[in-house]
Amino acid sequence: MLAPRVVTREERFGAVAYVPDRDHFFGLRGAPARVVVALARGDPIAPADVDLVRVLAEFGIARTVPDTAQRPHFGTSLLGHFDEPPVVDRPLVVNCFATAHCPLRCRYCHADDLMQAYRDSESDDESWRVARMAAAVPALVAVVTGGEPLIRPERTRVLVGEVAAAGKAVVLDSSGVGDLDPVLPVLCEYGVHVRISMDSLDRRDNDRMRPVNRRYLPAGTSSGERALRTLSELAAAGIATTVQTVVTAGNENLDFLYAMRDGLIALGVRNWVLHVVVPAGKAALPRNQELRPSAYVLPTLAELVTVSADERLPLNIRVTGTHRAPNSVLLIGSRGDLYVEREFGGKLRIAGPDDSEADVIEAFRIHVNLVEHVSRYLNGSIQLFPRQR
């Protein structure tokens, strides 16, 4: 059978599967796609495909009796032979802003231009507009983000419930700086995967990149300490988590990355995603050009992944390189409008909450780099497509 909460979709090249426990997509072609589609339909599996089902179970896609032990995944998330880069007709992921408010002032915030102007006039009914827009986007996964969802729990609860009701797997994107308790019941109810943003396990390093906003928090509050506390609370509640790290000139060093990797494993973290900083929002400002990593950042991250795989470490690692193709991510602002990040000139509005799904699909195909949209979620940032497993 499919593993709990796994969602799948047939594609022209075969199929995609999303594993919520890992917050990870897999592209499938040939026999792996055929078997996953059969599992999704509840069809019987031929005896010749039993070994393949066990392989799928190792990646968390399928479930066997007795259980097959999962193994970490590194690198390109393609199962089967691909003759060309996979392309989808409909989005895989849409990011939904629960709020424009944020208790941090991250130096590289790529979405500041979607939030700053709306903070003082934000109203509680806008979360319904965001939910309506999200329902019109035929994505498999909705990421509830911001701003900081944990400081506007009522909006977050509404949004999580509505996008889950629309049939999407849900991820909560948080700095960990806020109050987890008010949203914990809805996270448990819908099996939400939670990402906690941390750029370093060293409090001082993390706080330099992610200082607090004194409008919301007193001076001396540590974003790093708050993130670690929330990570611990999520683990105690049995909620699947990921630590996500923005890679800048300050932390692209391999020794630093190895140390952080080993520290995360020691904390019991099993999923790590690294985002190369995007030159948008605050990171596009001249004063923040020093944050941009070197031209060798992706080879560096590829080496991190290769070494970790060779050492068979118990950590799933994914890398995104959206700085190379910024028009690959869909964002719903806190008032319900759908945007894509342009290569130059900030965000481009491509749809609104009153548009139909057909309108959204057309806008997606026109304005989004379809190959890079898939590459972002299938780890193609560090390994060229196609690739065979």
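It should be emphasised that the depicted structure is a prediction, and the values quoted were computed from it without experimental measurement. (Residues numbered from 1 in each chain as written. Predicted model: local features only at pLDDT ≥ 70, side-chain atom pairs only at ≥ 80, totals over all residues. Heavy atoms only, no water.)

**Description of the environment of Pro44**
Within the secondary structure, Pro44 is located in the loop between α1 (31–41) and α2 (50–58). Exposure remark for Pro44: the relative accessible area of 77% places this residue in the exposed category. On a C-alpha basis, the gap between Pro44 and Met1 in space is 9.4 Å, while along the polypeptide they are 43 residues apart. (Helix = DSSP H or I, 4+ residues; strand = E, 2+ residues; numbered from the N terminus. Buried < 20%, exposed > 50% of the residue type's maximum accessible area, 1.4 Å probe, protein only.)

**Let's talk about the environment of Glu126**
With respect to the helices, strands and loops of the structure, Glu126 is situated in helix α3 (residues 126–136). Distance in space between the C-alpha atoms of Glu126 and Ala31 is 44 Å, their sequence separation being 95 residues.

**A few points about the packing of helix α8 (residues 254–266) against helix α9 (residues 297–310)**
Taken N-terminus to C-terminus, the directions of α8 and α9 make an angle of 40 degrees; their axes are 10 Å apart at the nearest point. If you check the angle between α8 and α9, you find them oblique. Judged by the sense of rotation from one axis to the other, the crossing of α8 with α9 is right-handed. Touching Leu254, Leu257, Tyr258 and Arg261 of α8 are Thr300, Leu301, Glu303, Leu304, Val307 and Ser308, all from α9. Taken together, the residues of the contact of α8 with α9 break down into six nonpolar, two polar and two charged. (Axes fitted to C-alpha atoms, helices over the stretch in contact; angles between N-to-C directions. Parallel < 35°, antiparallel > 145°, perpendicular 65-115°, else oblique. Left-handed = near helix turned anticlockwise from the far one by under 90°. Contact = heavy atoms within 4.5 Å. Nonpolar A, V, L, I, M, F, W, Y, C, P; charged D, E, K, R; others polar.)

**Some details on the sheet that holds strand β7 (residues 169–174)**
Spatial ordering of the open sheet is given by β11-β10-β9-β8-β7-β6-β5-β12-β13-β14, a layout of 10 strands whose pairing is mixed. Unpaired on one side and paired on the other, β11 (316–320) and β14 (347–351) mark the two borders of the sheet. Ignoring strand direction, the axes of neighbouring strands in this sheet form an average angle of 30 degrees. Sheet strands in contact with α8 are β9 (241–247) and β10 (271–276), and its direction is about 150 degrees off that of β10. (Pairing = 2+ DSSP bridges.)

**Describing the pattern of salt bridges**
Tallied over the entire structure, the rule returns 23 salt bridges. For Asp67, the salt bridge identified is with Arg63, shortest N-O distance 3.8 Å. Accessibility expressed as a relative area gives 61% for Asp67, which makes it exposed. Look at Arg63 and you get partly exposed, because its relative accessible area is 40%. In this structure, Arg195 engages Asp173 in a salt bridge whose closest nitrogen and oxygen atoms are separated by 3.5 Å. In this pair, Arg195 is assigned in strand β8 (residues 193–197) and Asp173 in strand β7, connecting sequence segments 22 residues apart. Assessed through its relative accessible area of 7%, Arg195 is described here as buried. In this structure, a network of salt bridges that share partners links the residues Asp23, Asp173 and Arg195. (Salt bridge = Lys/Arg side-chain N within 4 Å of Asp/Glu carboxyl O.)

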